[in-house]
Amino acid sequence: MLAAVAAAGMIGTLAACGGSAGGGGDDELTVWMLTLEGAQKEAMDTLVSDFEAANEGVTVTIEERSTDAHKDALRQVAGTDAGPDIYWYWEGPGLGGELVEAGLSKDLTAEYEQYGWADRFGEATLSNITRYGGYHGVPFTQQAEAIYYNKELFAQAGITAEPTTYEEFEAAAAKLAAAGTTPITFGGTVNWHVMRLLDSLIETNCGSDTFDQLVTAETSWDTPCVDESFTQLKTWGDEYFNDGFQGVADAEAQQLFYTGDAAMAYEGTWFDSLVVDNGMDPANIGVFKFPTGTERLYGFGEGFYINAASEKPEEAAEFLDFITSTEEQNKVVGAFSPISVNTEVPTATGHPLHELWPPLYDAASGFYLNNDQNLTLDQTTEYWRVMNSVLTGGLAPGDAGAEFQAFIDSNA
Amino acid sequence: MTAVHHPPAPPAPQAPPRRRSDRRFVQALPYLLPAVVLYLGFLVYPMLDAVRLSFFEWTGFRNDEPVFVGLDNYVRTFTNDPVFYRALTNSVIWVVLSLLIPMLMGLLLALALNRRMVGRNLFRSVFYIPAVFASITVAAMWRWIYNPNVGSLNQLLEAVGLASLQQEWLGDPQIALYSVFVASVWQGVGFSLVLFLAGLQQVPAELVDAARVDGANRWQVFKAVTVPALRPTTAVVTILTIINSLKVYDLIVGMTGGGPAQSTQVLALWSYQQSITNHDFGQGGAVATVLLAVSLCLVVPYLVRTLKAEEH
């Protein structure tokens with residue numbers, strides 16, 4: 001009998017381990033976000049310590065995870081009380097939208113009115129916040145992705161100007177390979193790294209309108225422009241990627257760029273800080289838009305969301321108001337992105353690489369999203385399988401579009 | 001005088017053995033209850049719930065109601081899932097290789113380290129240490145060994161003049177599964193070794209001595225005395241190897257994540273990815289149920305046959 005009581009007590013204790021999202025004390029906010037390092041870590045520490053100083057007794061606990069671990073963690077706590085008060089996430093429908101649909105994000109319409117946030121952020125920045133109805137999330141960065149290149153290695157290969165067309169881009173890669181340099185570096189184990197090239201090839205070959213129709217299932221992937229993109233991807237994988245890219249992750253691949261063993265990397269604005277933190281001379285680095293021939297820039301927005309299950313939504317909103325305020329953004333602009341989401345904050349100066357971005361932003365008519373933010377989860381998994389099957393020779397590039405479309409059709 | 005033969009007194013009435021054991025079982029129940037409750041709550045219920053979920057379409061989110069879809073998830077798994085058969089094949093390959101290589105190596109090492117020799121305990125420890133490492137640690141270590149740019153394996157091959165044998169160990173779909181399996185052998189052989197060593201301690205010394213007195217050579221002693229005496233241990237090692245092989249997950253996640261192009265995908269990982277990554281708990285449940293069925297089909301007949309052999 002005693003044993004039964006003990007067992008029941010144990011189960012009761014385990015059950016009591018649940019609770020409200022965020023956990024911690026009444027004056028503790030928990031925030032989940034990606035692992036930060038270098039200048040980004042310092043910037044986040046500054047924002048947190050300033051907030052804590054301005055709000056005595058309140059503590060903010062940042063819990064960091066790697067990219068895929070962060071996605072997994074949030075998907076696992078969605079629909080439960082185990083999540084944080086605030087989470088950082090990508091805003092696109094395939095990622096941020098999925099969690100909005102799952103009920104993890106609190107609709108912040110009232111907070112936008114209370115704090116006047118709609119005036120703080122630009123229209124383009126807010127487009128991914130309002131697309132799900134109401135206001136979901138507070139913008140934190142608008143990231144763009146482009147090709148970073150090593151000027152010295154380009155010069156050694158006889159490349160005198162940044163490529164402005166896809167043909168020039170591929171010709172540059174061929175010259176680099178002929179000069180004995182790895183043209184571009186990717187880490188294949190994380191899938192989304194190589195995906196950047198495939199997405200951009202599709203934008204190049206299919207054009208903006210067809211790209212958008214493809215990712216919204218309004219047109220079939222079994223189309224020549226998609227086949228052409230996979231064919232080009234195969235060429236890049238065979239001839240221009242780092243050896244063994246399928247067996248390394250993004251961080252290992254980036255090392256080749258830092259050490260001058262690879263001439264190009266397809267990265268985003270966050271990479272400005274990373275290249276300098278990893279010892280590269282910024283004067284030796286250039287950035288150019290992937291020459292798609294369209295006017296759009298490749299990129300996505302990232303924001304902070306308040307957990308719908310949080311018991312401290314007011315404190316959470318105060319924190320987000322504080323860290324996106326003009327005063328605080330002026331302190332940290334450049335650490336996460338050269339251009340702040342706060343429209344009153346001027347473009348970052350003092351970092352030579354940040355100055356390369358405003359012309360790219362200004363010349364762009366909009367953004368095309370990374371496809372893991374466009375597609376549904378199962379489609380993304382299949383998109384990566386098809387991509388890797390082409391790269392490893394398991395699938396003919398000409399069959400890739402049809403294979404992916406067959407998956408979409410059979411799971412519609 | 002006639003001797004009077006009294007019939008033997010009838011034996012005192014005794015409870016039939018069956019009833020006695022029933023009574024003991026009832027008495028034991030309160031003591032078993034905590035373990036039974038935990039077992040039902042943490043093992044049986046999740047297992048049955050996974051089977052139940054396999055008949056529903058559900059994202060796993062609280063605001064989404066599961067929808068009963070009958071056998072649809074199984075139909076999709078068997079006819080429309082581009083990864084399932086690769087995962088099933090890889091799981092079977094993993095089981096077969098695990099039964100062949102680490103088990104055999106464990107037995108041979110146990111035989112070698114069961115003899116009196118200098119440094120015997122040191123060698124036992126050296127071979128067993130990898131078994132206590134967390135799989136994710138082993139995965140990180142072997143990923144660096146296999147790294148195509150700075151990995152020690154390719155560098156070693158180059159240093160000894162075998163550069164032509166350098167490979168993309170985790171990047172080539174033809175060999176990636178076997179590369180991960182090597183790490184698994186490195187980690188797992190110590191486990192079999194310890195079990196076989198324990199089994200060898202149970203081999204009756206007098207039987208070995210008697211066989212030697214009868215003129216048996218080493219091979220004959222091994223075949224006629226050691227192997228039969230090791231049968232219970234072999235059964236345990238075999239069953240544990242099959243179960244551990246079918247649920248292999250962490251080493252693959254840590255080394256390849258199932259790639260490249262799902263070439264190292266296995267059923268346990270695919271079930272997890274369908275449920276947690278793709279948020280398709282019905283499909284994940286269907287794969288998990290198939291895995292459960294495969295496990296039972298492999299383990300139960302072997303277990304029954306072994307137990308019968310033991311009884312005889």
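These numbers come from a predicted model, not from an experiment. (Residues numbered from 1 in each chain as written. Chains lettered and ligands numbered in written order. Predicted model: local features only at pLDDT ≥ 70, side-chain atom pairs only at ≥ 80, totals over all residues. Heavy atoms only, no water.)

## Looking at the overall build of chain A
Step number 1: Across its full length, chain A carries 19 helices and nine strands.
Step number 2: Taken over C-alpha atoms, the radius of gyration comes to 23 Å for chain A, in line with the 22 Å a tight globule of 412 residues would show.
Step number 3: Along the first, second and third principal axes, the C-alpha atoms of chain A reach 75 × 55 × 40 Å.
Step number 4: The burial tally for chain A puts 58% of its 412 residues in the buried class. (Helix = DSSP H or I, 4+ residues; strand = E, 2+ residues; numbered from the N terminus. Rg over C-alpha atoms; globule rule 2.2 N^0.38 Å. Buried < 20%, exposed > 50% of the residue type's maximum accessible area, 1.4 Å probe, protein only.)

## Let's talk about the interface of chain B and chain A
Step number 1: On the side of chain A, 37 residues touch chain B, which itself brings 32 residues to the contact.
Step number 2: Between chain B and chain A lies a buried interface of about 2800 Å² when both sides are counted; carbon and sulfur atoms form 58% of it.
Step number 3: Counting every contact that joins chain B to chain A gives one salt bridge.
Step number 4: Close ionic contact of R143 of chain B with E252 of chain A constitutes a salt bridge, the shortest N to O distance being 2.6 Å.
Step number 5: In this assembly, chain B and chain A are joined by seven residue pairs in polar contact (both at pLDDT 80 or more).
Step number 6: At the level of elements, α1 (17-53), α5 (135-146) and α12 (267-277) of chain B are the ones that each hand at least two residues to the side of chain B that touches chain A.
Step number 7: Ranked by residues supplied to the side of chain B that touches chain A, first place goes to α1 of chain B with six residues. (Contact = heavy atoms within 4.5 Å. Buried area = accessible area lost by both parts, 1.4 Å probe. Salt bridge = Lys/Arg side-chain N within 4 Å of Asp/Glu carboxyl O. Polar contact = N/O pair within 3.5 Å; in protein donor to acceptor, adjacent residues only side chain to side chain.)

## What to know about a nonpolar patch on the surface
Step number 1: Together, F25, V26, L29, L32, L33, V36, Y39, L40, F42 and L43 of chain B give the surface a local cluster of nonpolar side chains, amounting to about 930 Å² of exposed area.
Step number 2: Looking at the secondary structure, you find L32 of chain B in helix α1. (Patch = residues over 30% accessible without salt bridge, like charges linked within 9 Å, V, L, I, M, F, W, Y side chains within 5 Å. Areas by Shrake-Rupley, 256 points an atom, 1.4 Å probe, with all protein chains shown as cover.)

## Re helix α10 (residues 192-215) of chain A
All names here are of chain A.
Step number 1: The end-to-end C-alpha distance of α10 is 16 Å, clearly below the 34 Å that 24 residues give at a rise of 1.5 Å each.
Step number 2: Helix geometry: α10 is bent most strongly at G207, by close to 115 degrees.
Step number 3: Counted residue by residue, α10 has 19 buried out of 24 residues, so it is predominantly covered.
Step number 4: Positive phi appears at A217, one or two residues downstream of α10, with a value of about 60 degrees. (Expected span 1.5 Å × (residues − 1). Bend = angle between axes of the 7 residues up to and from the residue.)

## With respect to the packing of α10 of chain A against helix α11 (residues 224-239) of chain A
Residues and elements named next belong to chain A.
Step number 1: Put simply, α10 and α11 touch, their axes get as near as 9 Å, and they point 165 degrees apart. Considered as vectors, α10 and α11 are oriented roughly antiparallel to each other. The hand of the α10/α11 crossing is right-handed. Across the interface between the two elements, V194, L197, L198, L201, I202, N205, C206, T210 and L214 of α10 pack against C225, V226, E228, S229, F230, Q232, L233 and W236 of α11.
Step number 2: A breakdown of the residues in the contact of α10 with α11 according to their chemical character gives 12 nonpolar, four polar and one charged. (Axes fitted to C-alpha atoms, helices over the stretch in contact; angles between N-to-C directions. Parallel < 35°, antiparallel > 145°, perpendicular 65-115°, else oblique. Left-handed = near helix turned anticlockwise from the far one by under 90°. Nonpolar A, V, L, I, M, F, W, Y, C, P; charged D, E, K, R; others polar.)

## Brief notes about the packing of aromatic side chains
Residue and element names in this part refer to chain A.
Step number 1: Applying the stated criterion across every chain, the model contains 46 aromatic pairs over all chains.
Step number 2: Seen in terms of ring centroids, F140 and F304 are 4.9 Å apart; in terms of plane orientation they differ by 70 degrees. Their pairing is edge-to-face. Of this pair, F140 sits in strand β4 (residues 138-150) while F304 sits in strand β8 (residues 296-306); the two residues are 164 residues apart in sequence, bridging distant segments of the chain.
Step number 3: Here Y148 and W357 contribute two aromatic rings whose centre-to-centre distance is 6.1 Å and whose plane-to-plane angle is 55 degrees, an arrangement assigned as tilted. Linking Y148 in strand β4 with W357 in helix α16 (residues 357-363), this pair joins segments that are 209 residues apart in sequence. (Phe/Tyr/Trp six-rings, centres within 6.5 Å; stacked < 30°, edge-to-face > 60°.)

## Quick notes on a positive patch on the surface
Residue and element names in this part refer to chain B.
Step number 1: A grouping of R19, R20, R23 and R24 is seen on the molecular surface, where their side chains present a positively charged patch.
Step number 2: In this fold, R23 is placed in helix α1.
Step number 3: Relative accessible area serves as the criterion here: at 48%, R23 is assigned to the partly exposed category. (Lys, Arg positive; Asp, Glu negative; His and termini not counted. Charge placed at Lys NZ, Arg CZ, Asp CG, Glu CD.)

## Examining the confidence of the model for chain B
Step number 1: On average, residues of chain B score 88 in pLDDT, and 94% of them reach the 70 mark or higher.
Step number 2: Model confidence for the complex: the whole-complex pTM is 0.82, and ipTM, which rates the interface, is 0.78. (pLDDT = per-residue confidence, 0-100.)

## Remarks on the pattern of salt bridges
Side-chain pairs of opposite charge can arise whenever the charged atoms involved come near each other.
Residues and elements named next belong to chain A.
Step number 1: For the coordinates displayed, the defined rule picks out 20 salt bridges over all chains.
Step number 2: Where E145 meets R196, a salt bridge forms, and the shortest distance between an N and an O atom there is 3.3 Å. Taken together, the residues span a long stretch of sequence, with E145 in strand β4 and R196 in helix α10 at a distance of 51 residues.
Step number 3: We classify R196 as buried; its relative accessible area is 6%.
Step number 4: The closest approach of N and O atoms between D238 and K234, which form a salt bridge, is 3.3 Å. Taken together, the residues span about one helical turn, with D238 and K234 both in helix α11 at a distance of four residues.
Step number 5: One network of salt bridges, with partners in common, ties together D50, E328 and K331.

## Observations concerning the pairing of β8 of chain A
All names here are of chain A.
Step number 1: Where burial is concerned, most of β8 is hidden: 11 out of the 11 residues are buried.
Step number 2: The side-chain alternation of β8 yields two buried faces, one formed by R296, Y298, F300, E302, F304 and I306 and the other by L297, G299, G301, G303 and Y305.
Step number 3: Bridge count for strand β3 (residues 86-90) against β8 is five bridges, and the pairing is antiparallel. Bridge pairing in β8 links Y89 to G303.
Step number 4: By the bridge criterion, seven bridges tie β4 to β8 in an arrangement that is antiparallel. Following the sheet pairing, P139 is matched in β8 by G303.
Step number 5: Looking at chain direction, β8 and strand β9 (residues 366-368) are connected through three bridges and run parallel. Counted as the bridge partner of L297 is F367 from β9. (Pairing = 2+ DSSP bridges.)

## Quick notes on the environment of N278 of chain A
All names here are of chain A.
Step number 1: Along the polypeptide, N278 turns up in the loop between α13 (271-277) and β7 (285-288).
Step number 2: Expressed as a C-alpha distance, the spacing of N278 and K151, which sit 127 residues apart in the sequence, is 17 Å.
Step number 3: Non-local contacts of N278, meaning those with residues more than four positions away in its chain, are made with Q255 and Y258.
Step number 4: For N278, the side chain forms a polar contact with the main-chain oxygen of L274, separated by 2.8 Å.

## Regarding the confidence of the model for chain A
In low-pLDDT regions, the fine details of the predicted coordinates are not to be read closely.
Step number 1: Mean pLDDT for chain A: 90, with 94% of residues reaching 70 or above.
Step number 2: When pLDDT is averaged over each helix and strand of chain A, the minimum, 38, is found for helix α1 (residues 2-15) of chain A and the maximum, 98, for strand β5 (residues 182-185) of chain A.

## Quick look at the packing of α10 of chain A against helix α18 (residues 377-391) of chain A
All names here are of chain A.
Step number 1: Running from amino to carboxyl end, α10 crosses α18 at an angle of 90 degrees, the nearest separation of the two axes being 11 Å. Put simply, α10 runs roughly perpendicular to α18. Taken together, the residues of α18 that come into contact with α10 (itself represented by W192, V194, M195, L198, D199 and I202) are Y383, W384, M387 and L391.
Step number 2: Of the residues that constitute the contact of α10 with α18, the class distribution is nine nonpolar, no polar and one charged.

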